Amino acid sequence: MTVDIGLVGAGGMAKMHLEHFDAVGARLVGVCSRTEESARALAEPRDASTYPDVESLLTGADPDAVIVAVPPFAHEGQEQLIAEHGVALFVEKPLALSRETAREVRDAVETNDVVTQVGHQFRYADVVERAHELLAGRPVTHIEGRWVDGVSPLPWWTQKAESGGQLVEQSVHVFDLVRDFGGEVADYAAFGGQRVVTDDIDFADSSVVAMRHENGAVSQVSSTSVSPEKDVSLEVVAENCRLELDLVSHTLRGTVDGEMIHVEGDRRPYEKELAAFVDAVEADDLSLPRSPYPDALRSFELTMDADDALDGT
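Residues numbered from 1 in each chain as written. Predicted model: local features only at pLDDT ≥ 70, side-chain atom pairs only at ≥ 80, totals over all residues. Heavy atoms only, no water.

### Looking at the UniProt feature "domain: GFO/IDH/MocA-like oxidoreductase" (unreviewed entry) in the chain
- Taking the numbering used here, the UniProt-annotated feature "domain: GFO/IDH/MocA-like oxidoreductase" (unreviewed entry) corresponds to residues 140–242.
- As annotated, residues 140–242 has a helix share of 20% and a strand share of 42%, and its two end C-alpha atoms lie 10 Å apart. (UniProt positions renumbered as here; feature names shortened; annotations may be inferred. Helix = DSSP H or I, 4+ residues; strand = E, 2+ residues; numbered from the N terminus.)

Here it is in structure tokens:
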């Protein structure tokens, strides 16, 4: 079976997903974007059509699923419309710029029982999968996550009103993994400041969020947009186990029961994420995706809460 997919958005993330269509058994049937030119650039090489809006994409192309890959500020009801048509939905993070918008989408997908996936591709990284295998049955006690980077070159990223800020737009990937390994968060405290990048962005250039989980584990996520080098990583400590996951180099190192561990990942999380979504659409099984919309909403709201706490420091 081939799954027919429509694209909403024609930027970098849409292009990235499109690169994996052939490998996962997906066919592009339609594209809508803010400009006809950008939509045609993706549609024409694959004999797909372009559409002026989401409604015409849904009725004209009749897709099995739609991928929404638009900037944070551009979530304007597309997801609700797709869900109301009973069409499977893949959404790139962040989900929105407000809790209310994201909760409305959550309600729509649950009401209409549609398959959903949110673009938390690290859930499908080899090193994350292997870490879960090694941690099985061991109580996790401590997690440290990092998103260390410079200012993004995307023009909208520097303005919180358009991107949501670093925690919501970037570090949400790390917060999502912290939840994945540590469970739900019961309490948190956040501290941040803006000492270096004072002209280029209008939000904290560095922050630390400390968390206590419902199961008693503790964690923290450090974020900065000041660094000349990139570090996206996670350290997990559990009973007789310490693991370091490097999500830039896709390596896993550590010690488990006295044995040294070293794993080289295959660097294919985006492809595996899309393949899992396609499989879920084919099976019409809401339980197959690892990051369905209702679960991803919890990660999104955690970053929103942490960011609100930063504003008070």
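Past the structure itself, the notes keep going.
### Let's talk about the pairing of strand S11 (residues 231–238)
- With six of eight residues buried, S11 is to be regarded as a mostly interior element.
- When strand S7 (residues 140–148) meets S11, the two strands line up antiparallel, connected through eight bridges. When the sheet's bridge partners are listed, Val148 is paired in S11 with Asp231.
- Counting the residues in the hairpin turn of S11 and strand S12 (residues 241–246) gives two residues, including Asn240, whose phi is positive at 55°. (Buried < 20%, exposed > 50% of the residue type's maximum accessible area, 1.4 Å probe, protein only. Pairing = 2+ DSSP bridges.)

### Observations concerning the domain arrangement of the chain
- Structurally, the chain comprises domain 1 (3–119 + 271–291) and domain 2 (122–267 + 300–312).
- Here the C-alpha centre of domain 2 lies 26 Å away from the C-alpha centre of domain 1.
- Domain 1 puts 20 residues into the contact, and the matching count from domain 2 is 20 residues.
- A combined buried area of about 1,700 Å² lies between domain 1 and domain 2, and 55% of that area is made up of carbon and sulfur atoms.
- Summed over the three residues of domain 1 that lose the most area to domain 2, namely Arg99, Lys272 and Arg290, the buried surface amounts to 41% of that side.
- Viewed at the interface, domain 2 and domain 1 are joined by seven salt bridges.
- Measuring nitrogen to oxygen at the nearest pair gives 2.3 Å for the salt bridge that ties Asp126 to Lys272.
- Along the contact surface separating domain 1 from domain 2 lie 13 residue pairs in polar contact (both at pLDDT 80 or more). (Domains from an automatic or database assignment. Contact = heavy atoms within 4.5 Å. Buried area = accessible area lost by both parts, 1.4 Å probe. Salt bridge = Lys/Arg side-chain N within 4 Å of Asp/Glu carboxyl O. Polar contact = N/O pair within 3.5 Å; in protein donor to acceptor, adjacent residues only side chain to side chain.)

### Digging into helix H3 (residues 36–43)
- Among the residues of H3, those classed as buried are Ala39, Leu42 and Ala43. All buried residues of H3 project into a common sector of 95° when viewed along the axis, lining one side. Opposite the buried face of H3, at more than 90 degrees from it, the exposed residues are Glu37 and Ala41.
- Residues of H3 that are buried make contact with strand S1 (3–8), helix H1 (12–18), strand S2 (26–32) and strand S3 (49–50). (Arc of directions from axis to C-beta.)

### Comments concerning the pattern of salt bridges
- Summed over the entire model, instances satisfying the criterion amount to 28 salt bridges.
- Note that Arg40 is salt-bridged to Glu44, the shortest N-O span being 3.7 Å.
- Residues Arg99 and Asp305 are paired through a salt bridge, measuring 2.8 Å at the closest nitrogen-oxygen approach. One end of the pair, Arg99, is in helix H6 (residues 99–112); the other, Asp305, is in helix H11 (residues 293–311), with 206 residues separating them in the sequence.
- According to the relative accessible area criterion, Arg99 is buried, its value standing at 17%.
- Through salt bridges with shared partners, a single ionic network connects Arg123, Asp176, Arg179, Asp180, Glu184, Asp295 and Arg298.

### Quick word on the layout of surface pockets
- One number sums up the size of the second largest pocket: a volume of about 150 Å³.
- If you go around the second largest pocket, you meet 16 residues; those closest to its centre are Phe203, Ala204, Asp307, Leu310 and Asp311.
- The element contributing the most residues to the lining of the second largest pocket is H11, with three residues.
- The class makeup of the residues in the lining of the second largest pocket is four nonpolar, seven polar and five charged. (1 Å grid on protein atoms, 1.4 Å probe; cavity = no way out; pocket = protein on both sides within 12 Å on 5 of 7 lines; lining within 4 Å. Points joined across faces, edges and corners; volume = space filled by probe spheres on them. Nonpolar A, V, L, I, M, F, W, Y, C, P; charged D, E, K, R; others polar.)

### With respect to the sheet that holds S3
- Read from one edge to the other, the open sheet built from six strands follows the order S3-S2-S1-S4-S5-S6, with strand pairing classed as parallel. Each edge of the open sheet is held by one strand with a lone partner, namely S3 and strand S6 (116–118).
- With two bridges joining them, S2 and S3 adopt parallel strand pairing. The residue of S3 that forms the bridge with Gly30 is Ser49.

### Considering the packing of helix H7 (residues 126–135) against helix H9 (residues 166–182)
- Running from N to C, H7 and H9 cross one another at 25°; their axes reach a closest spacing of 11 Å. The angle between the axes of H7 and H9 places the two elements in the roughly parallel class. As H7 packs across H9, the resulting crossing turns out to be right-handed. Where H7 approaches H9, its residues Val128, Ala131, His132 and Leu135 are matched on the opposing element by Leu177, Asp180 and Phe181.
- Taken together, the residues of the contact of H7 with H9 break down into five nonpolar, one polar and one charged. (Axes fitted to C-alpha atoms, helices over the stretch in contact; angles between N-to-C directions. Parallel < 35°, antiparallel > 145°, perpendicular 65-115°, else oblique. Left-handed = near helix turned anticlockwise from the far one by under 90°.)

### Digging into the UniProt feature "domain: Gfo/Idh/MocA-like oxidoreductase N-terminal" (unreviewed entry) in the chain
- Within the UniProt annotation, "domain: Gfo/Idh/MocA-like oxidoreductase N-terminal" (unreviewed entry) is assigned to residues 4–120.
- As annotated, residues 4–120 has a helix share of 41% and a strand share of 21%, and its two end C-alpha atoms lie 22 Å apart.

### Points about the pairing of S1
- Along S1, six of the six residues are buried, which leaves the element largely enclosed by surrounding structure.
- Burial along S1 is two-sided: Val3, Ile5 and Leu7 facing one way and Asp4, Gly6 and Val8 facing the other are all buried.
- Note: S1 against S2, six bridges, orientation parallel. The residue of S2 that forms the bridge with Ile5 is Leu28.
- Note: S1 against strand S4 (residues 65–68), four bridges, orientation parallel.

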